[in-house]
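One letter stands for each residue in the lines below.
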Amino acid sequence: QSVQRGVPNSVSPSQVTSVQVRKILGVWELFIQCAGISEGNPFPKTLENLSSLRGTEAITILHPETDTTISISPNGLLANSQIPQDLSIHKAIHQHGWSIRVELPNSWVANKTLSFSIVRTHGNSGNVETGPLPSIPWNISPSPIVLDLSWWDDIERFPTQRPLR
């Protein structure tokens with residue numbers, strides 16, 4: 001498996017990361033679950049580049065429109081610029097991992113779109129996963145996903161069972 005073969009590397013189930021976009025009581029948020037939690041390099045004091053997070057247990061959220069990069073570890077928070085006042089972060093550490101809920105600032109969703117990318121680094125290795133698309137190992141710069149949020153509230157109800165024929 002490799003970028004050259006067009007097959008992304010698989011992630012160990014003990015280190016898998018999931019990201020959900022949700023709208024809860026009118027507030028847009030990212031809910032991120034990280035399997036595994038490990039000690040590694042200390043969280044850096046400044047965020048010079050994403051490669052400096054290799055070997056550090058962290059999730060990094062990139063918002064391209066505002067050029068904001070926010071790194072969150074189980075024990076800290078780091079940003080490359082001023083964090084919007086209406087962005088809030090809630091963390092929980094579990095037996096087999098950790099999770100964060102990031103309430104997104106209005107400025108990130110004001111035009112009914114949301115674009116972001118995610119980087120997960122691990123404290124017990126130099127492994128890095130990026131989303132929505134993989135990055136090459138020597139240049140951690142994931143392209144963002146762009147979501148059209150204008151249709152979100154138009155869904156009358158989510159299907160919970162298969163339609164009858």
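An account of the accompanying structure is given in this report.

Calculation rules
Residues numbered from 1 in each chain as written. Predicted model: local features only at pLDDT ≥ 70, side-chain atom pairs only at ≥ 80, totals over all residues. Heavy atoms only, no water. Core = buried A, V, L, I, M, F, W, Y, C linked by side-chain atoms within 4.5 Å. Buried < 20%, exposed > 50% of the residue type's maximum accessible area, 1.4 Å probe, protein only. Helix = DSSP H or I, 4+ residues; strand = E, 2+ residues; numbered from the N terminus. Phe/Tyr/Trp six-rings, centres within 6.5 Å; stacked < 30°, edge-to-face > 60°. Polar contact = N/O pair within 3.5 Å; in protein donor to acceptor, adjacent residues only side chain to side chain. Contact = heavy atoms within 4.5 Å. 1 Å grid on protein atoms, 1.4 Å probe; cavity = no way out; pocket = protein on both sides within 12 Å on 5 of 7 lines; lining within 4 Å. Points joined across faces, edges and corners; volume = space filled by probe spheres on them. Nonpolar A, V, L, I, M, F, W, Y, C, P; charged D, E, K, R; others polar. Pairing = 2+ DSSP bridges. Axes fitted to C-alpha atoms, helices over the stretch in contact; angles between N-to-C directions.

With that settled, consider the nonpolar core. Among the nonpolar cores identified, the biggest contains 20 residues, and Leu30, Ile32, Ile59, Ile61, Val102 and Leu114 are the most heavily contacted of them. Put simply, the parts of the chain that give this core at least two residues each are strand E2 (27-35), strand E3 (58-63), strand E4 (68-73), strand E7 (97-103), helix H1 (106-109) and strand E8 (113-121). Per-element accounting of this core gives the leading share, four residues, to E2. With seven residues, the next largest nonpolar core counts Leu53, Leu62, Leu78 and Ile140 among its residues.

According to the stated counting rule, one finds one aromatic pair in the structure shown. Where Trp28 meets Trp152, the ring centres are 4.9 Å apart and the plane angle is 75°; that geometry is what we call edge-to-face. Of the two residues, Trp28 is situated in strand E2 and Trp152 in the segment after strand E10 (145-148); the sequence distance between them amounts to 124 residues. Using a relative accessible area of 31% as the deciding quantity, one classes Trp152 as partly exposed.

As for its placement among the helices and strands, Gln15 is situated in the segment before strand E1 (17-24). The class for Gln15 is buried, based on a relative accessible area of 12%. At 3.0 Å, the side chain of Gln15 forms a polar contact with the side chain of Asn124. Every residue in contact with Gln15, bar those within four places of it in the chain, is listed here: Ala35, Arg120, His122, Asn124, Ser125, Asn127 and Glu129.

This next bit is on the layout of surface pockets. Here the second largest pocket is characterised by a volume of approximately 160 Å³. What lines the second largest pocket is Ile37, Ser38, Glu39, Gly40, Asn41, Pro42, Phe43, Thr56, Glu57, Ser73, Pro74 and Asn75. Residue composition of the lining of the second largest pocket, grouped by class: four nonpolar, six polar and two charged.

Moving on, we get to the pairing of strand E5 (residues 76-79). The alternating pattern of E5 places Gly76 and Leu78 on a buried face and Leu77 and Ala79 on a face that is not buried. The sheet contact formed by E4 and E5 spans four bridges and is antiparallel. Note that in E5 the partner of Ile70 across the bridge is Ala79. Counted between consecutive antiparallel strands, the loop separating E4 from E5 contains two residues.

Attention now moves to the pairing of E4. Taken across its six residues, E4 has six buried, putting it largely inside the fold. As paired strands, E3 and E4 are joined by five bridges and run antiparallel to one another. Bridge pairing links His63 to Thr68 in E4. The hairpin turn running from E3 into E4, its antiparallel successor, is four residues long, and Asp67 in that turn takes a positive phi close to 55°.

Glancing now at the sheet that holds E1. One open sheet holds the four strands; their spatial order is E1-E2-E7-E6, and the pairing between them is antiparallel. Strands at the two margins of the open sheet, each flanked by one partner only, are E1 and strand E6 (88-94). Within this sheet the neighbouring strands show an average axis-to-axis angle of 15°, counted without direction. The pairing of E1 with E2 spans eight bridges and is antiparallel. In the strand pairing of E2, Gln20 is matched with Phe31.

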